[in-house]
Amino acid sequence: MALQCGIVGLPNVGKSTLFNCLSNAKAQAANFPFCTIEPNVGVITVPDERLNKLAELINPNRIVPTTVEIVDIAGLVKGASKGEGLGNKFLANIRETDAIIHVLRCFDDDNVTHVDGSVDPVRDKEIIDAELQIKDLETVEQRIQRVQKQATTGGDKTAKLQYEVLCKYRDVLQQGKSARSVTFDTKDEQKAAKELFLLTSKPVLYVCNVDEKSAINGNKYVEQVREAIKEENAELLIVAARTEADIAELETYEDRQMFLAEVGLEESGVARLIKSAYALLNLETYITAGVQEVRAWTYHKGWKAPQCAGVIHTDFEKGFIRAEVIKYDDYIKYGSEAAVREAGKLSVEGKEYIVQDGDIMHFRFNV
């Protein structure tokens, strides 16, 4: 399931430094705009301590975590919607992603130039928001022109629905708000909205890139961002990218944990960011566990058992009979599948079962 989060932001806010920490792909990180021209793609392992705990009990041949793709996209500047800087390339690259990680500079450093001359994360956010909103407004107005006549004079119900959805989007975009601030009540409206692929309808995680001393509690810039996004359907995360880069250079897990403890963090910002990106895509994990392997599988939250079985192989979904399910906490408590069965804690579920995050699954199927 190749789903992507795109890292965006103005030039020199720490996007590529953060990307390097995430993927070790070593995207060029230099102190000038547009050092990232082609998007760098990193396949990132999603941290999941549950796999390690199961492996301690089962001693499998291998552990296979799940992954998410992170794309480092070239820095955007004011006027991108009109083709300024690398605007058209930026907008094309971001359109292909499923969610946005928006990095904002929330630190002072005279040695790192700012494209607009001063540190103001809310202004930076509004620059990118405005460029994406302008592009979305163009898209919406073009679509309205196409369907308006059919919607208002003909009896085309589909065109009428599309027109109503487009008009709702146009109203908020003209107010300088993002498309994600619009909510739709019916499934038909939600489907029509999704098919528009608007840039500002994508889920977003704002990452406040701070200095080391602000890594735990943030600073005045972080509070400004928090206030600015309070009415958005968006998440906020505090990360010290330069500190994360230092952590990434350390050889062993023990050294990294010692460094985190010295800084006062329980978990690295990178680990928190990966987990947040995974959740941002509305993804969850179920697990298959045996001597051959303990493996995490990605599925969309709300999927039923046959759909989740199809993640392993399409035949599993086509010939689905039932799923044997063990809750993760029960497996840890009883120590083995056999003990769980003996305790009566293994459930047999049918086609309507909605899989829960952390479920340990075994599928029965017939093709």
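Definitions and limits used
Residues numbered from 1 in each chain as written. Predicted model: local features only at pLDDT ≥ 70, side-chain atom pairs only at ≥ 80, totals over all residues. Heavy atoms only, no water. Helix = DSSP H or I, 4+ residues; strand = E, 2+ residues; numbered from the N terminus. Buried < 20%, exposed > 50% of the residue type's maximum accessible area, 1.4 Å probe, protein only. Areas by Shrake-Rupley, 256 points an atom, 1.4 Å probe, with all protein chains shown as cover. Phe/Tyr/Trp six-rings, centres within 6.5 Å; stacked < 30°, edge-to-face > 60°. Salt bridge = Lys/Arg side-chain N within 4 Å of Asp/Glu carboxyl O. Expected span 1.5 Å × (residues − 1). Bend = angle between axes of the 7 residues up to and from the residue. Contact = heavy atoms within 4.5 Å. Polar contact = N/O pair within 3.5 Å; in protein donor to acceptor, adjacent residues only side chain to side chain. Pairing = 2+ DSSP bridges.

**Digging into the overall build of the chain**
Part 1 of the argument: Along its length, the chain carries 14 helices and twelve strands.
Part 2 of the argument: The 367 residues of the chain split such that 49% are buried.
Part 3 of the argument: As displayed, the chain has an accessible area near 18,500 Å², and 47% of this comes from carbon and sulfur atoms.

**A few points about the packing of aromatic side chains**
Part 1 of the argument: For the structure shown, the criterion picks out five aromatic pairs.
Part 2 of the argument: Centre to centre, the rings of Tyr169 and Phe184 are 5.3 Å apart; their planes meet at 80°, and the pair counts as edge-to-face. Placement of the pair is Tyr169 in helix 5 (residues 157-174) and Phe184 in the loop between helix 5 and helix 6 (187-194), with a sequence separation of 15 residues.
Part 3 of the argument: Given the relative accessible area of 4%, Tyr169 is considered buried.
Part 4 of the argument: Seen in terms of ring centroids, Tyr286 and Phe363 are 5.7 Å apart; in terms of plane orientation they differ by 85°. Their pairing is edge-to-face. Placement of the pair is Tyr286 in strand 8 (residues 283-289) and Phe363 in strand 12 (residues 360-365), with a sequence separation of 77 residues.
Part 5 of the argument: Residue class for Tyr286 comes out buried when judged on its relative accessible area of 0%.
Part 6 of the argument: Relative accessible area serves as the criterion here: at 7%, Phe363 is assigned to the buried category.

**Remarks on the pattern of salt bridges**
Side chains that differ in sign of charge can pair as their charged atoms come close.
Part 1 of the argument: Per the counting criterion, the structure on display carries 20 salt bridges.
Part 2 of the argument: The closest approach of N and O atoms between Glu352 and Lys304, which form a salt bridge, is 2.5 Å. A residue pair is termed long-range when its members are at least 10 positions apart, and Glu352 in the loop between strand 11 (347-349) and strand 12 and Lys304 in the loop between strand 9 (294-300) and helix 11 (305-312) qualify at 48 residues.
Part 3 of the argument: A relative accessible area of 30% places Lys304 in the partly exposed class.
Part 4 of the argument: Taking the shortest distance from any N to any O, the salt bridge between Glu324 and Arg341 comes out at 2.9 Å. Separated by 17 residues along the polypeptide, Glu324 in strand 10 (residues 320-326) and Arg341 in helix 14 (residues 337-342) bring together distant segments of the chain.
Part 5 of the argument: We classify Arg341 as partly exposed; its relative accessible area is 40%.

**Concerning helix 4 (residues 121-153)**
Part 1 of the argument: In a regular helix each residue adds 1.5 Å, so 33 residues correspond to 48 Å; helix 4 covers 47 Å between its end C-alpha atoms and thus fits that length.
Part 2 of the argument: Along helix 4, the largest kink reaches about 50° and is centred on Val147.

**Notes on the environment of Lys304**
Part 1 of the argument: The spatial distance from the C-alpha of Lys304 to the C-alpha of Gly350 is 9.1 Å, given a sequence separation of 46 residues.
Part 2 of the argument: Every residue in contact with Lys304, bar those within four places of it in the chain, is listed here: Lys351, Glu352, Tyr353, Ile354 and Val355.
Part 3 of the argument: Of the polar contacts made by the side chain of Lys304, one reaches the side chain of Glu352; its length is 2.5 Å.

**What about the environment of Glu244?**
Part 1 of the argument: Turning to its location among the elements, Glu244 is positioned in helix 8 (residues 241-249).
Part 2 of the argument: Spatially, the C-alpha atoms of Glu244 and Ser268 are 7.2 Å apart, while their sequence positions differ by 24 residues.
Part 3 of the argument: Non-local contacts of Glu244, meaning those with residues more than four positions away in its chain, are made with Cys21, Val239, Ser268, Gly269 and Val270.

**Here we look at the side chain of Arg180**
Part 1 of the argument: For Arg180, the location among the structural elements is in the loop between helix 5 and helix 6.
Part 2 of the argument: Apart from the residues within four sequence positions on either side, Arg180 is in contact with Thr200, Ser201, Lys202, Val204, Tyr206, Glu232 and Asn233.

**Topic: the pairing of strand 7 (residues 234-239)**
Part 1 of the argument: Bridging between strand 6 (residues 204-209) and strand 7 involves six bridges; their strand directions are parallel. Along strand 7, the bridge assignment pairs Leu205 with Glu235.

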